[in-house]
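# Descriptive structure summary
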Amino acid sequence: MLIAWVYAVGLLILGFILILLEIFVIPGFNIFGVLGLLTVCVGVGYAYVVLGIWPAAVVAGLALVGTVVLLRVLFRTRAWNRLVLGSAISR
């Protein structure tokens, strides 16, 4: 039972590491961001299948907290400016 928790949370951490790699090392819409998102989803899905509904809700809550932390890091380091087009397009 404990090893299932380790796998679920480990998949979340691996997914967030891949997303951070995407943001800070290789900016753009790349394979690491997609793999990170899929890894986070697989971690929540794994928790649902193996552990049940309530532990999966806890893992999903951890994923939401991790997403909020990633967004705060993104805005504080101004990495958001590299991902968003800042200039306007005129005719």
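Residues numbered from 1 in each chain as written. Predicted model: local features only at pLDDT ≥ 70, side-chain atom pairs only at ≥ 80, totals over all residues. Heavy atoms only, no water.

## Concerning the environment of L14
Put simply, the rule reads: Helix and strand assignments come from DSSP, with helices taken as H or I runs of at least 4 residues and strands as E runs of at least 2, each series counted from the N terminus.
Looking at the secondary structure, you find L14 in helix α1 (residues 2–24). In the structure, L14 is positioned 58 residues away from R72 in sequence and 19 Å away in space, judged by C-alpha atoms.

## Regarding the packing of helix α2 (residues 31–50) against helix α3 (residues 53–76)
Operational definition: Angles shown run from 0 to 180 degrees and are taken between the N-to-C directions of axes, each axis being a line fitted to C-alpha atoms and, for helices, limited to the stretch in contact. Convention used here: angles under 35 degrees read as roughly parallel, angles over 145 as roughly antiparallel, angles from 65 to 115 as roughly perpendicular, and any remaining angle as oblique. Crossings are classed by handedness, with left-handed meaning an anticlockwise turn of the near helix from the far one by less than a right angle and right-handed meaning a clockwise turn. Only heavy atoms enter the contact rule, under which two residues are in contact if any of them lie within 4.5 Å. In this classification, Asp, Glu, Lys and Arg are treated as charged, Ala, Val, Leu, Ile, Met, Phe, Trp, Tyr, Cys and Pro as nonpolar, and every other residue, Gly included, as polar.
With their axes 7 Å apart at the nearest point, α2 and α3 run at an angle of 160° to one another. Relative to α3, the element α2 lies roughly antiparallel. The way α2 lies across α3 gives a crossing that is right-handed. Contacts from V40, G43, V44, A47 and Y48 in α2 reach I53, A56, V59, A60 and A63 in α3. Among the residues making up the contact of α2 with α3, the classes are represented as nine nonpolar, one polar and no charged.

## Here we look at α2
Quick reminder of the rule: In this analysis, the expected span of each helix is defined as 1.5 Å times one less than the number of residues it contains. Whether a residue is buried, partly exposed or exposed follows from its accessible area with a 1.4 Å probe, protein chains only, as a fraction of its type maximum: under 20%, in between, or over 50%, in that order. The directions from the helix axis to the C-beta atoms form the arc being described.
The end-to-end C-alpha distance of α2 is 27 Å, a good match for the 28 Å that 20 residues give at a rise of 1.5 Å each. Among the residues making up α2, those that are buried are G33, G36, T39, V40, G43 and A47. Relative to the axis of α2, the buried residues are bounded by an arc of 125° and lie together on one face. Exposed and oriented more than 90 degrees from the buried face of α2 are L37 and V49.

## Side note on the packing of aromatic side chains
What counts here: Think of it this way: a Phe, Tyr or Trp ring, Trp meaning its six-membered ring, pairs with another when their centres are within 6.5 Å, and the plane angle makes it stacked under 30 degrees, edge-to-face over 60, tilted otherwise.
One pass over the structure, following the stated rule, counts one aromatic pair. For the pair Y7 and Y46, a centre-to-centre distance of 6.1 Å together with 75° between the ring planes defines the contact as edge-to-face. Taken together, the residues span a long stretch of sequence, with Y7 in helix α1 and Y46 in helix α2 at a distance of 39 residues. For Y7, a relative accessible area of 46% puts it in the partly exposed group. Its relative accessible area of 27% is what places Y46 among the partly exposed residues.

In short, shape yes, function no, at least from these values alone.
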